[in-house]
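Residues per chain are reported as follows:
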Amino acid sequence: MRYTIKDFNKQFKNDAACLEHIYNQRFPEGAACEKCGVKGHFSAVVTRRSYACQCGFQLYPTAGTIFHKSPTSLRTWFFAMFLMTASKNGVSAKELERQLGVTYKCAWRIAHQIRQLLAEEKPQLKGVVEADETWIGGKATMSTRYKKKTPVAGLLERGGDVVAKVLPRVNMTTLKRNISANVAEGSTLMTDELPAYKTVPRSAFIHYYVTHSAKEYVRGMCHTNGLEGFWSQLKRSINGTFHSVSRKHLQKYVNEFSYRYNRRKSETPMFLHLVAGVAEMHGSAV
């Protein structure tokens with residue numbers, strides 16, 4: 001389902017519309033007043049981000065969310081969320097600075113706060129699952145090879161979701177632990193010929209692999225091309241949009257691209273799905 005800038009401008013004309021949307025998401029059946037106990041008697045306060053009960057008690061829908069105590073307007077926050085979900089290649093902080101009309105410091109913070117909503121725990125993958133790893137950042141030379149790069153391990157359920165994790169190193173222990181934590185036993189693993197993958201317990205997984213070093217990339221149903229496509233999108237976007245991502249923040253960016261990939265066929269617009277995630281954040285609205 002398409003959700004364009006016209007739809008955004010129509011649905012969220014001002015801060016009041018954004019606050020009302022958050023309130024309805026957090027309290028779909030109406031909020032109960034903690035002071036008088038009456039339910040559904042709240043109305044918006046014009047001068048602040050709150051709703052007031054008839055008894056005078058005030059409720060703050062943005063409390064405990066990424067918008068809490070932020071002086072930036074809610075519509076600016078929502079527009080940043082729209083841009084980050086509408087762009088397949090991501091949006092840099094400098095681009096947000098230009099589009100939102102805020103300082104670079106503000107744009108950088110907004111982007112990283114929004115990425116908190118993009119981190120999610122997925123149920124274990126099952127069925128046919130591709131497993132592969134890649135290296136991001138730095139420039140490898142013949143002497144340093146991968147010392148300046150950061151490893152990322154990925155798992156992709158055929159026809160389903162992707163799970164990608166930044167690892168401290170790539171070896172038998174880290175890859176086995178990642179597979180055991182994120183893939184259901186009885187699943188079929190498709191990997192390349194990396195020796196570490198050959199150590200996965202045969203009692204738990206059916207394992208097939210292709211030999212990339214021999215230029216074998218597909219053998220029947222055995223390949224890792226789906227995950228290779230995800231790596232390609234991630235690397236092109238980091239190089240073209242962000243140019244460089246530190247090891248410290250890399251997982252946040254990996255989460256961002258995983259979030260978009262996993263909702264590429266969703267019937268719910270990605271932006272509205274992200275806004276709905278605000279209501280799931282913990283914290284009191286008082």
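Our structure's up above, just so we're on the same page.
Just so it is clear, the structure is predicted and the values come from calculations on it, not from any experiment.

K.L.:
Before we move on, can you summarise the pattern of salt bridges with the specific residues and values?
P.N.:
Summed over the entire model, instances satisfying the criterion amount to nine salt bridges. Across the pair Lys-94 and Glu-97 runs a salt bridge, and its minimum N-O distance is 2.9 Å. Taken as a pair, Lys-94 and Glu-97 lie in helix H4 (residues 93–100) at a separation of three residues, close to a single helical turn. Residue class for Lys-94 comes out partly exposed when judged on its relative accessible area of 41%. Glu-97 gets classed as partly exposed once you look at its relative accessible area, which sits at 22%. Between Glu-95 and Arg-98 there is a salt bridge; the shortest N-O distance is 2.8 Å. Of the two residues, Glu-95 and Arg-98 are both situated in helix H4; the distance of three residues between them amounts to about one turn of the helix. A network of salt bridges, in which partner residues are shared, links Arg-115, Glu-256 and Arg-260.

K.L.:
A description of the side chain of Thr-174 should follow, citing residues and the corresponding values.
P.N.:
Residue position: Thr-174 is located in helix H6 (residues 172–182). Within the local environment of Thr-174, its side chain forms a polar contact with the backbone oxygen of Arg-169, the two atoms lying 2.9 Å apart. Once residues lying within four places of it in the same chain are set aside, the contact partners of Thr-174 are Leu-167 and Arg-169.

K.L.:
Go over the nonpolar core with me, naming the residues and quoting the values.
P.N.:
By size, the foremost hydrophobic cluster in this structure holds 43 residues, and its most contacted members are Phe-42, Phe-67, Phe-78, Met-81, Ile-114 and Phe-271. Among the secondary structure elements, those contributing two or more residues to this core are helix H2 (15–26), strand S2 (51–53), helix H3 (74–86), H4, helix H5 (104–118) and helix H9 (270–279). Top contributing element to this core by residue count: H3, with nine residues.

K.L.:
Just give me the short version of the sheet that holds strand S3 (residues 58–59), but keep the residues and values in it.
P.N.:
Pairing is antiparallel in the open sheet, where three strands are placed in the order S1-S2-S3. In this open sheet, the two strands that pair with only one neighbour each are strand S1 (42–44) and S3.

Cut-off values and rules
- Residues numbered from 1 in each chain as written.
- Predicted model: local features only at pLDDT ≥ 70, side-chain atom pairs only at ≥ 80, totals over all residues.
- Heavy atoms only, no water.
- Salt bridge = Lys/Arg side-chain N within 4 Å of Asp/Glu carboxyl O.
- Helix = DSSP H or I, 4+ residues; strand = E, 2+ residues; numbered from the N terminus.
- Buried < 20%, exposed > 50% of the residue type's maximum accessible area, 1.4 Å probe, protein only.
- Polar contact = N/O pair within 3.5 Å; in protein donor to acceptor, adjacent residues only side chain to side chain.
- Contact = heavy atoms within 4.5 Å.
- Core = buried A, V, L, I, M, F, W, Y, C linked by side-chain atoms within 4.5 Å.
- Pairing = 2+ DSSP bridges.

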